[in-house]
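Spelled out, the chains give:
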2 protein chains.
Amino acid sequence: MAEDNRRVSVHKIQKDFYMIKAEDTSIKYFEGLWEIPEGVTYNSYVLIGDEGSAVFDTVSRGFTKEFIEVLKSLIDVKDVKFVVVHHMEPDHSGALPELIKELNQAAEVLGHPLTGRLIESLYGLKPRFRPVKDGEVVKLGQHKLTFIHTPWLHWPETMLTYVEDLKYLVTCDVFGAYSIPKHVEIDVNQLPTEYEYFMRKYFANVIGYYRENILKNLNKLKQLNLRVEAIAPSHGSILKGENVLEKALTLYESWAKAEALDSKVTVVYTSMYGYVERVVEYIVKALSENGVNANVFKFTSYERSNVSDLLGEVLTSKLVIVASATYDADLFPLTTYILELIVKKTNAEKPLILLTVYGWGDIASNKAKELISKSKYKIVRNYGINGLVKDKDYVELNKLIKEIIELVRG
Amino acid sequence: MAEDNRRVSVHKIQKDFYMIKAEDTSIKYFEGLWEIPEGVTYNSYVLIGDEGSAVFDTVSRGFTKEFIEVLKSLIDVKDVKFVVVHHMEPDHSGALPELIKELNQAAEVLGHPLTGRLIESLYGLKPRFRPVKDGEVVKLGQHKLTFIHTPWLHWPETMLTYVEDLKYLVTCDVFGAYSIPKHVEIDVNQLPTEYEYFMRKYFANVIGYYRENILKNLNKLKQLNLRVEAIAPSHGSILKGENVLEKALTLYESWAKAEALDSKVTVVYTSMYGYVERVVEYIVKALSENGVNANVFKFTSYERSNVSDLLGEVLTSKLVIVASATYDADLFPLTTYILELIVKKTNAEKPLILLTVYGWGDIASNKAKELISKSKYKIVRNYGINGLVKDKDYVELNKLIKEIIELVRG
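The rules behind the values
Residues numbered from 1 in each chain as written. Chains lettered and ligands numbered in written order. Predicted model: local features only at pLDDT ≥ 70, side-chain atom pairs only at ≥ 80, totals over all residues. Heavy atoms only, no water. Contact = heavy atoms within 4.5 Å. Buried area = accessible area lost by both parts, 1.4 Å probe. Salt bridge = Lys/Arg side-chain N within 4 Å of Asp/Glu carboxyl O. Helix = DSSP H or I, 4+ residues; strand = E, 2+ residues; numbered from the N terminus. Domains from an automatic or database assignment. Polar contact = N/O pair within 3.5 Å; in protein donor to acceptor, adjacent residues only side chain to side chain. Buried < 20%, exposed > 50% of the residue type's maximum accessible area, 1.4 Å probe, protein only. Pairing = 2+ DSSP bridges. UniProt positions renumbered as here; feature names shortened; annotations may be inferred.

Another aspect to go through is the interface of chain B and chain A. Chain B puts 57 residues into the contact, and the matching count from chain A is 58 residues. Taken together, the two surfaces of chain B and chain A that pack against each other cover about 4900 Å², and 55% of this comes from carbon and sulfur. The interface formed by chain B and chain A holds 4 salt bridges in total. Asp330(B) is the salt-bridge partner of Lys344(A), the closest N and O atoms lying 3.1 Å from each other. Broken down by element, the side of chain B that touches chain A gets its largest block of residues, 8 residues, from helix H10 (residues 333-345) of chain B.

This is the structure:
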């Protein structure tokens, strides 16, 4: 990572409350998996009280030096009373060891009871750790912090903090987004399409697997009836606007249920020599002529789409079309990789159409069906083509195209 | 693909025998899977006889126009008597449809009996096809062509041609290599290290899965006692030199058996936040200090090695070390992808060391062991680390390092 890519800045959000934002433009694969050319931010928050400050989470390890410098420009670190750890994943806890070194002896690290063990296993440190209970209230001078456990959203130790007097909910990964947004705050009622896209992409990639736990935790949050004026996540912008929590919960609920948007079709295909590609192009063109515009993700000899973006798009699709080559008497290896991620990260009762091209026998279909059968996805049509599309195949593809149009319009 | 990347050239190899070489510098993933920054060539061959010519294979579809032009600059296509199809994979048969259009009515397409069916399924064409038997001899004027079936090396219809009078063996994929070599011919007894690397990489990627069939076909070729002065493959350079066939067979036999080179260690790791990376770096540094230099392939947030190169290196390794992160209560998805390719493409009784890093439980090890247990690989050591490397882990890692040194020196 180049030095000049380590931009860390401080932003006053309101009286006593600051965001320290690290902008990561060097990272290529978030979590080592997800392509993010849009980059990502790691947001830490600082709350200043009459009798000391609280720091909520930190940033990724590569930004440690700059983070500590910026923090010191804002407060005297010896005045930190609490370091609140919402989540131990290293993109947020990376600067924790250096921060702990700088703390006053009396300062406490607050977190879910499991967090202490993780600080020791991930960093070999035993700071003055105080486990906080679900619903526990801790005072920081004039400020009142309520901790809300959100187990398995998306680690066992994840929790949120409600700052009652400010009406701020500090949420770490929850309600976060990829990208390096221009604005520190964003109105949830006027969410730019692009920002919602990055929020959904992040959701599908990082926490999509935990959808049952997400729904449980969303219900829990609803029932708490918190008065929330802003949501401060650790990736992306602060969410504000009327009914911000309700709006954010509604978005997350629809994503956790993988609810379909009107007539949205996503196609993903792997093609070795263009055979699968020509089948897909034929279908996509016909759909387009009938007013159905499919999102197409391709994995060919010349190009690979981002699996990260694919998952975000699949999540809200009404129909998913998977078209694959056959390889070494098996499903094409990249299809297996992608399909396993689709069923794991976006598992839902969605219709799926499976198309294959084969030379000798349609083994790819059988392998794909086996893989999909372990998920909630429903294969509504499966068609295998032996090499080039022939007249009889066109008859079947034309039927299929009609079915797709009925399905997405129905 | 840019127009100026479609370089197709003709090379006189000896009296009556020419190579038409297409250089593909645009392709990123050979077979849609294998990263080849070194590029690849598609070689077609032309044999000119007293009473007409033979064309052996063609090139990839994207080079069709240029291929036909170059062919026409060499011969009158109406004089082509035979088109010999050794293998129907589209990187060699891509220009076949256009070539067939240009042929004289009397010209015949010769191939394995299964090839006719494939020409129809892949191109929807029924040319004047003549199936040739294993060992069948066909005369082209003064030249004598003997066809040798090599089933499942690496498709069911693959075959070779022995041009007896020239002592040339035309082999299509067999003995081919990636890269765009400067020289049309290369001495097998002075094979440049880099060329052998690309030949082995190609072997592991494209035909490695068919090792049992490779060995059968190598034995068959040995027993034919052909007098061969040159091997003309469809990727890379023509192989020449004393005992060229014996040398090439020996190389292929050792690769088909995945024979280990002295003390060669290959390490592949996936790392989300640097934990696995630090374990690997510790081991690799200690090995290096003891004179064991490991090949390291990494899949991190900032970098991904080529899976294609990895497979070529694993093939001749004495020991393979796989180190992986844990993800969503499972093996890290990229580790699964890579490990499945390793056991499929280089399946051999090699020792393998499995290292994992986990936060909650070492599920990754169990998943990896299950996957490896279906192969011939032998897990000689398996060690899981909970987060950061602690003192007790260093004790184990130091033992492991000693074991590795003994193993690779033994």
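Let's pick the thread back up.
In this section: the domain arrangement of chain A. All names here are of chain A. Under the domain assignment, chain A is made up of domain 1 (3-256) and domain 2 (265-409). Placing the centre of domain 1 and that of domain 2 at their C-alpha centroids yields a distance of 38 Å. Of the residues lining the interface, 16 residues belong to domain 1; the matching set on domain 2 comes to 17 residues. Of the roughly 1400 Å² buried between domain 1 and domain 2, counting both surfaces, carbon and sulfur atoms make up 51%. Joining domain 1 to domain 2, the criterion identifies 3 salt bridges. Note that Lys376 is salt-bridged to Glu212, the shortest N-O span being 3.8 Å. The tally of links from domain 1 across to domain 2 stands at 9 residue pairs in polar contact (both at pLDDT 80 or more).

To continue, consider the pairing of strand E5 (residues 40-49) of chain B. Look at any regular strand and the pattern is simple: side chains alternate between the two faces of the sheet. Residues and elements named next belong to chain B. With 9 of its 10 residues buried, E5 lies for the most part within the structure. Two elements, strand E2 (residues 17-24) and E5, share 8 bridges in a ladder whose sense is antiparallel. Among the inter-strand pairings, Met19 is bridged to a residue of E5, identified as Tyr45. As consecutive antiparallel partners, E5 and strand E6 (residues 52-56) are separated by 2 residues.

Turning our attention to the UniProt feature "domain: Flavodoxin-like" (unreviewed entry) in chain A. Here the UniProt-annotated "domain: Flavodoxin-like" (unreviewed entry) positions come out as residues 265-410 of chain A. As annotated, residues 265-410 of chain A has a helix share of 46% and a strand share of 27%, and its two end C-alpha atoms lie 13 Å apart.

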